[in-house]
Structure formats: structure tokens, C-alpha cells
Amino acid sequence: MAGMDFTLPESAQAVRRGIADICSRYDMDYWQRCESEKRWPEEVWAELAKGGWLGLAVPEEYGGAGQGLLELAVATETLSASGSAGGSAFMYVLTPGFGALTLARHGSAEQKAALLPKLATGEIETCFALTEPDAGSNSLAISTFARRDGDDFVVNGQKIWITGVQRAAWMLLVTRTIPAAQAKPRSDGLTVFLVNVPEAVAAGRLSYRPIPKMGANTTPSNMVFIDDLRLPASSVVGEVDRGVAVLWDVLNPERILLAASALGGAEVALRVGVDYAKQREVFGRPIGANQAIAFPLAQVKAKIELARLMLYKAAWSFDNRLPCGTEANIAKLTASQAAWEAADAAFQTHGGMAYSLEYPVARLLADARIGRIAPVTEELLLNYLATQVLGLPRSF
């Protein structure tokens, strides 16, 4: 009888070693400075590009490593656990995830040839535009509309919380080509386009405004405005009106990579809490000797290990073209909860010193909080499990 193998493949282990080697040259102070200065980690990005670590999911014929989401998840987790925490998510979600992984599966031959080699080297970057002010988490209710005009489409609409527009050469833009009220089923009528961001901005057809935010400031998030943006039919990713197939292959990897980032954030918060509990002495002994300090940290460790199992299963399922929606949602839910509990435990362990920005705890807490609401709220993840997995009645 064949046994179960929980060993990561050598490809993923090599990724872990390679990313850890790069990260060993950047300490917690480096990530603190990037956050406080609101700047992209250019030095780390350059090393990732030079080492070929951005092209993990790009097929070999386009200059990549020909690996998959599991390797991307391990890279994200390792980077996050090094000290970057939530700031690392965008380094792998925006370009290797949204860009390379999506185009490798759904891009046309021309799109792949033009973009994948440059995505593999980090020469160009991408972002993804789905969320809208009025639709929120109800992605099928978006109203940004692409109207047919001869061989082209003309797009008008507005997006919110679109991260990385400033650096992106290309945007994957999700639109309606059939209004939601007319689509049967409602998942029909979605179309995904590739938008040349610098060209659209220069033409005055796309503009953006950064949103001030409490964390993850290494990459701005934006309001995006689209006015009579003309796009050729060749810019469609996948099929017109059938963009939901592309969308699921964007959203599930996004949740998996953000779960990986949260998991790494949980690891670094736990490490910060444990180190302080070992070193800080009160009443003649380390505070970690007190069960009130030790047990919450131990509980976090257990939850991290449980979340990691589901994370790897979700990524492996995606790579093997198996259903992974349930696994992705559970991984995202549990990893984000572990990250929050780890950061909260580290905060409580530090006591009053946690409020000092000389320590990284406040940054870790802010980063961890994001995961419980973005890109989808905890309540919607639970609603999915309740209705789609358990078969409980829908509330709407």
C-alpha cells in the first residue's frame, strides 16, 4: 500500500534555499525602513530578478523555470518569514502571480511571446484590476463596461484598491461585456483585457489616485478611473464573455499566495514574540517561563503548521489542475487567522514596548490585520464553506 508523502519536491526546496539566501542579507531594520519610507524593496527585487526567482511559473520556452504555484507559494512564504511579512505579498502576487501565471494558462500565443520573457526577468511588471467601489466583494456585480466598437472595445468604469499601478507596464482589467442584470448565468459576460498602462495614462484614458493606508506601504494601492479607453480585440485574455474561467485562475492563486504571505508573517511574528519572551526578565526570570505568555505562543505554532498543510495542498491541487477553491479558501482563512493571532501574541508579549516603533511589532500587527479583510473578507470565506461545502441554506 502506497504511503502519503508530505515532503516538498526538490524544486520547492531549492526555491526555499535560494530565497532564504537572498533574504539573509536583509534584516528587520531594512523592512522597517522600506515601510516607513513607503518605498518598494528595490534591492531585494533586483536580486530576485537576477537569480531568476521571478520566472518560476513561466514556461521554459519563454525563459522561465517551468514550475508552478507551489514554488511561488514557497517563495512568498520564505520571503515573508524573513522579516518582510505582508510587504512581500505584492512581490509575488502582482507580477509572477497576476501576470506570469495567468498568461501562461490563458494568454494567446502572441501575448505569451511578447510578455512572458520580460515577466520572467522582471523587466516588466503587472497589476490586476477587479474590485469596484459599489461591488466590493461581489465580483460578479462589477459595472466597468467594455462596449464593442468595430474590431475594438471601448471601456469605461472605476476600480478601487488596485495595487501596483505605478510600477505596472500592463494591467489585467476585468470588465463586463454583458451587464450583470442581463447575464444568464451571472458569471457570463465577464471579459479580461490586457491594458498597456503607460500608454493609457499618456493618452488620458486611465488615471489613478493613491489611497492613504495603515500598512503595506511598500506598494501604493489606488483608485483607478477609466474613460473611453479603446482596446483592440487582441488584448482580450481568454475569451470574450467567458472571462470567469480566467478570473478563477487569478483569484485562487491570489488567495494561495496571500495565504503564503500571511503564513510567513505569522512565522516572523512568532519569532519576534518568542525571542522577546526568552530575553525579557521580570521578577527574576524570563517572561516566557509564565504559561500566560508561553501558551498563546505555543497555540500559534500549532495553527501555523496546520495552515501550512492546507496551503501546500491548495497550491499542489492548482498545479495538477484539480479543484482547489475549497483548499484555497481554507488556506487563506487559517493562515490569516494564524498571522493575526501571532502578531497579537507578540504584541501582548512585548507589553508597552510594542507601541514603540523601534520594535517591528506594530508593523507586523498592521500587516496581519489586512489578511482578515483582503482580498476577500473572512465572513465571505466562511459563507463559502457553509453553503458550498456544508450545503447550508444561502442567506441571499
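Just so it is clear, the structure is predicted and the values come from calculations on it, not from any experiment.

**Some points on the overall build of the protein**
Here comes step 1: A count of helical and extended segments in the protein gives 12 helices and 10 strands.
Here comes step 2: For the protein, the C-alpha radius of gyration of 21 Å lies close to 21 Å, the compact-globule estimate for 396 residues.
Here comes step 3: If you line up the protein on its principal axes, its C-alpha atoms span 80 × 50 × 50 Å.
Here comes step 4: For the protein, contacts bridging at least 24 residues in sequence account for 73% of all contacts bridging at least 6.
Here comes step 5: Charged side chains of the protein number 37 positive and 42 negative; the gap between the two group centres comes to 4 Å.

**A short note on the environment of Asp 319**
Here comes step 1: As for its placement among the helices and strands, Asp 319 is situated in helix α9 (residues 291–319).
Here comes step 2: For Asp 319, a relative accessible area of 29% corresponds to the partly exposed category.
Here comes step 3: Once you skip the residues sitting within four places of it in the chain, Asp 319 turns out to touch Gly 68, Leu 69, Leu 70, Glu 71 and Arg 105.

**Digging into the UniProt feature "domain: Acyl-CoA dehydrogenase/oxidase C-terminal" (unreviewed entry) in the protein**
Here comes step 1: Sequence positions flagged by UniProt for "domain: Acyl-CoA dehydrogenase/oxidase C-terminal" (unreviewed entry) are, in local numbering, residues 241–389.
Here comes step 2: Segment residues 241–389 splits into 76% helix and 3% strand. End C-alpha atoms: 28 Å apart.

**A closer look at the UniProt feature "domain: Acyl-CoA dehydrogenase/oxidase N-terminal" (unreviewed entry) in the protein**
Here comes step 1: In this structure's numbering, the residues bearing the UniProt feature "domain: Acyl-CoA dehydrogenase/oxidase N-terminal" (unreviewed entry) are residues 10–123.
Here comes step 2: Between the end C-alpha atoms of residues 10–123 there is a gap of 27 Å, over a span that is 69% helix and 0% strand.

**Brief notes about unusual backbone geometry**
Keep in mind that most residues, glycine aside, have a negative phi and that most peptide bonds are trans.
Here comes step 1: In this structure, the amide linkage connecting Lys 184 to the following residue, Pro 185, adopts the cis form with an omega of -5 degrees.
Here comes step 2: Along the chain, the position of Pro 185 falls in the loop between β4 (170–176) and β5 (190–196).
Here comes step 3: The omega torsion of the bond from Ala 374 to Pro 375 falls at 0 degrees, within 30 degrees of zero and hence cis.
Here comes step 4: Mapped onto the elements of the fold, Pro 375 is located in the loop between α11 (361–370) and α12 (378–389).

**A closer look at α9**
Every α-helical turn comprises 3.6 residues, leaving residues that sit three or four positions apart pointing alike.
Here comes step 1: Taking 1.5 Å per residue as the helical rise, α9 with its 29 residues ought to reach 42 Å, and the 42 Å between its terminal C-alpha atoms agrees with that figure.
Here comes step 2: Restricting attention to buried positions, one finds in α9 the residues Ile 293, Leu 297, Val 300, Ile 304, Ala 307, Arg 308, Leu 311, Tyr 312, Ala 314, Ala 315, Ser 317 and Phe 318.
Here comes step 3: Structurally, α9 contributes buried residues whose contacts are with α1 (10–23), α4 (69–84), α5 (89–106), α8 (244–279) and α10 (325–350).
Here comes step 4: In the stretch just after α9, Arg 321 is the one whose phi turns positive, near 55 degrees.

**Notes on the pairing of β5**
Here comes step 1: By the criterion of burial, β5 is predominantly enclosed, with seven of the seven residues buried.
Here comes step 2: Residues Leu 190, Val 192, Leu 194 and Asn 196 point to one face of β5 and Thr 191, Phe 193 and Val 195 to the other, with burial holding for every one of them.
Here comes step 3: The pairing of β5 with strand β8 (residues 236–237) spans two bridges and is antiparallel. Residue Val 192 lies in a different strand from β8, and its bridge partner there is Val 237.

**Topic: the nonpolar core**
Here comes step 1: Core analysis: the largest hydrophobic core is formed by 102 residues, its most contacted members being Ile 19, Leu 48, Leu 79, Tyr 92, Phe 128 and Leu 311.
Here comes step 2: If sequence neighbours within four positions are ignored, Tyr 92 has contacts with Ile 19, Leu 48, Trp 53, Leu 56, Leu 72, Ala 75, Thr 76, Leu 79, Gly 97 and Leu 257.
Here comes step 3: In terms of nonpolar packing, the next biggest core, distinct from the first, is built from 20 residues, Phe 153, Val 155, Val 165 and Val 236 among them.

**Focus on the packing of aromatic side chains**
Here comes step 1: Applying the stated rule across the entire model yields seven aromatic pairs.
Here comes step 2: Judged by centre distance (5.1 Å) and plane angle (85 degrees), the ring pair of Tyr 30 and Trp 31 falls under edge-to-face. For the pair Tyr 30 and Trp 31, one class covers both residues: buried.
Here comes step 3: Considering the side-chain rings of Phe 98 and Phe 128, the 4.9 Å spacing of their centres and the 40 degrees angle between planes classify their relative orientation as tilted. Linking Phe 98 in helix α5 with Phe 128 in strand β1 (residues 126–129), this pair joins segments that are 30 residues apart in sequence. The same class applies to Phe 98 and to Phe 128, which are both buried.
Here comes step 4: Joined through ring pairs, the aromatic side chains of Tyr 26, Tyr 30 and Trp 31 make up one cluster.
Here comes step 5: Across from the ring centre of Trp 340, 5.4 Å away, lies the NZ or CZ of Arg 369, which sits over that ring.

**Details of the pattern of salt bridges**
Here comes step 1: If you walk through the whole model with that rule in mind, you get 18 salt bridges.
Here comes step 2: Its salt-bridge partner being Glu 378, residue Arg 372 comes within 2.7 Å of it at the nearest N-O pair.
Here comes step 3: Taking relative accessible area as the criterion, Arg 372 reaches 23% and is therefore assigned partly exposed.

**Section: the environment of Ile 211**
Here comes step 1: Along the chain, Ile 211 falls in the loop between β6 (206–210) and β7 (221–232).
Here comes step 2: The spatial distance from the C-alpha of Ile 211 to the C-alpha of Ala 294 is 39 Å, given a sequence separation of 83 residues.
Here comes step 3: With sequence-adjacent residues up to four places away left out, Ile 211 is seen in contact with Ile 160, Trp 161, Ser 221, Asn 222 and Met 223.

Rules used in this analysis
- Residues numbered from 1 in each chain as written.
- Predicted model: local features only at pLDDT ≥ 70, side-chain atom pairs only at ≥ 80, totals over all residues.
- Heavy atoms only, no water.
- Helix = DSSP H or I, 4+ residues; strand = E, 2+ residues; numbered from the N terminus.
- Rg over C-alpha atoms; globule rule 2.2 N^0.38 Å.
- Contact = heavy atoms within 4.5 Å.
- Lys, Arg positive; Asp, Glu negative; His and termini not counted.
- Charge placed at Lys NZ, Arg CZ, Asp CG, Glu CD.
- Buried < 20%, exposed > 50% of the residue type's maximum accessible area, 1.4 Å probe, protein only.
- UniProt positions renumbered as here; feature names shortened; annotations may be inferred.
- Expected span 1.5 Å × (residues − 1).
- Pairing = 2+ DSSP bridges.
- Core = buried A, V, L, I, M, F, W, Y, C linked by side-chain atoms within 4.5 Å.
- Phe/Tyr/Trp six-rings, centres within 6.5 Å; stacked < 30°, edge-to-face > 60°.
- Lys NZ or Arg CZ within 6 Å of the ring centre and 35° of its normal.
- Salt bridge = Lys/Arg side-chain N within 4 Å of Asp/Glu carboxyl O.

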